[in-house]
Amino acid sequence: MTDFKASLVAYEVQKSFANKLFSNKTVAKSLIDDTSARLLDNLYLLLKVFTSNKEESKKTVRNIIKISVKIGMLQRGDKFNDDEKYGLIQIQRKLRTVAMTLVSFYQVDHTYDRSFVMNQLTELEELLVNLIQPHLTDKSVGRVDQIFTVVKTGDFLDSIYVPKKNPEMRQIMGGVVEDVNSCIEAGVL
């Protein structure tokens, strides 16, 4: 009896390969659908306007892609136990709820509730960390932290939803909303 399992080696190679592969935006875009790619492109623009930091914005979007692909690899590799599979369903539901809430706040004036969105984002972050922590490295958990450190701030959210605070971000958010609606219709979200 040996301790060697080809499937485990292949899985580890895939994880390593994914880290190296996603440093290239063109390659990453070829592995995700067009609707999601547009959404991520508009999210990048939103982050870039907010942070005034092109590299930090790229890093955030890259981290979103890496974590999404790694979760997909774990799921396809049947690495989740029943509790974790339920946790993944909770993440999908929470992500959809957050997306629909953000769309609603954009489309209906004076409905924005910062504390509600921040609580929803905090819950989503906790669900993601709990799901990936047993399977991925601390570096991957750090990627989740980095993503939410940027998007889960009152200043970022206010810049999108408070009238006249940041007209450029508000305009870009219109594209994000279109893309989120397209993702929902396509069954991606």
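Along every chain, residues carry numbers that run from 1 in the direction the sequence is written. Predicted model: local features are reported for residues with pLDDT of at least 70 only, side-chain atom pairs are reported and counted for 80 or more only, and whole-chain, interface and lining totals are derived from all residues. Hydrogen atoms and water are omitted, and side-chain values are computed over all heavy atoms in the structure.

K.L.:
Give a description of the overall build of the protein that names residues and reports values.
P.N.:
In DSSP terms, a helix is any run of H or I states spanning at least four residues, a strand is any run of E spanning at least two, and both are numbered starting from the N terminus. A count of helices and strands for the protein gives 9 helices and 0 strands. Put simply, the protein runs from its N terminus to its C terminus through helices and strands in the order α-α-α-α-α-α-α-α-α. The contacts in the protein between residues at least 6 apart in sequence include a share of 68% that link residues at least 24 apart. When the accessible surface of the protein is summed, it comes to about 10,900 Å², and 53% of that surface belongs to carbon and sulfur atoms. Contacts: residue pairs with any heavy atoms within 4.5 Å of one another. Each accessible area value is a Shrake-Rupley result obtained with a 1.4 Å probe; residue values ignore everything except the protein chains displayed when judging cover.

K.L.:
Talk me through unusual backbone geometry; I want residue IDs and the actual numbers.
P.N.:
Backbone geometry places Ser52, a non-glycine residue, at a positive phi of 55°. Relative to the elements of secondary structure, Ser52 occurs in the loop between α3 (34-51) and α4 (54-76). Burial classification: accessible surface area is computed with a 1.4 Å probe over protein chains only, and a residue below 20% of its type maximum counts as buried, one above 50% as exposed, and the rest as partly exposed. By relative accessible area, Ser52 is classed as exposed at 67%. Phi is positive for Asp78, close to 55°, though the residue is something other than glycine. As for its position among the elements, Asp78 is in the loop between α4 and α5 (82-107). What makes Asp78 exposed here is its relative accessible area of 54%.

K.L.:
I'd like a rundown of the packing of α3 against helix α8 (residues 154-161), residues and numbers included.
P.N.:
Interaxial distance between α3 and α8 falls to 11 Å at its minimum, and their mutual angle equals 110°. Relative to α8, the element α3 lies roughly perpendicular. Taken together, the residues of α8 that come into contact with α3 (itself represented by Leu46, Leu47 and Phe50) are Asp155, Phe156, Ser159 and Ile160. Grouping the constituent residues of the contact of α3 with α8 by class yields 5 nonpolar, 1 polar and 1 charged. Under this scheme, a helix contributes an axis fitted over its contacting stretch, all axes are lines through C-alpha atoms, and angles between N-to-C directions fall in the 0 to 180 degree range. Roughly parallel covers angles under 35 degrees, roughly antiparallel covers those over 145, roughly perpendicular covers 65 to 115, and oblique covers all other angles. The residue classification treats Ala, Val, Leu, Ile, Met, Phe, Trp, Tyr, Cys and Pro as nonpolar and Asp, Glu, Lys and Arg as charged. All others, Gly included, are polar.

K.L.:
Give a description of the confidence of the model for the protein that names residues and reports values.
P.N.:
Of all residues in the protein, 84% have pLDDT values of 70 or greater, and the mean over the chain is 85. Mean pLDDT across the elements of the protein ranges from a minimum in helix α2 (residues 25-30), with 52, to a maximum in helix α6 (residues 114-132), with 95. A residue's pLDDT is the predictor's confidence in that residue, given on a scale from 0 to 100.

K.L.:
Can you tell me about α5, naming the residues and giving the values?
P.N.:
The end-to-end C-alpha distance of α5 is 38 Å, a good match for the 38 Å that 26 residues give at a rise of 1.5 Å each. Among the residues of α5, Glu84, Gly87, Leu88, Ile91, Lys94, Val98, Ala99, Thr101, Leu102, Val103 and Phe105 are the ones counted as buried. Buried residues belonging to α5 abut α4, α6, α8 and α9 (167-186). The opening residue of α5, the one whose side-chain oxygen lies 3.0 Å from the backbone nitrogen of Asp83, is Asn81. Take the residue count of a helix, subtract one, and multiply by 1.5 Å to get its expected span. Contacts described as polar in this section are N or O atom pairs within 3.5 Å, which, within protein, must combine one atom able to donate a hydrogen with one able to accept it, while residues neighboring in sequence count only if both atoms come from side chains.

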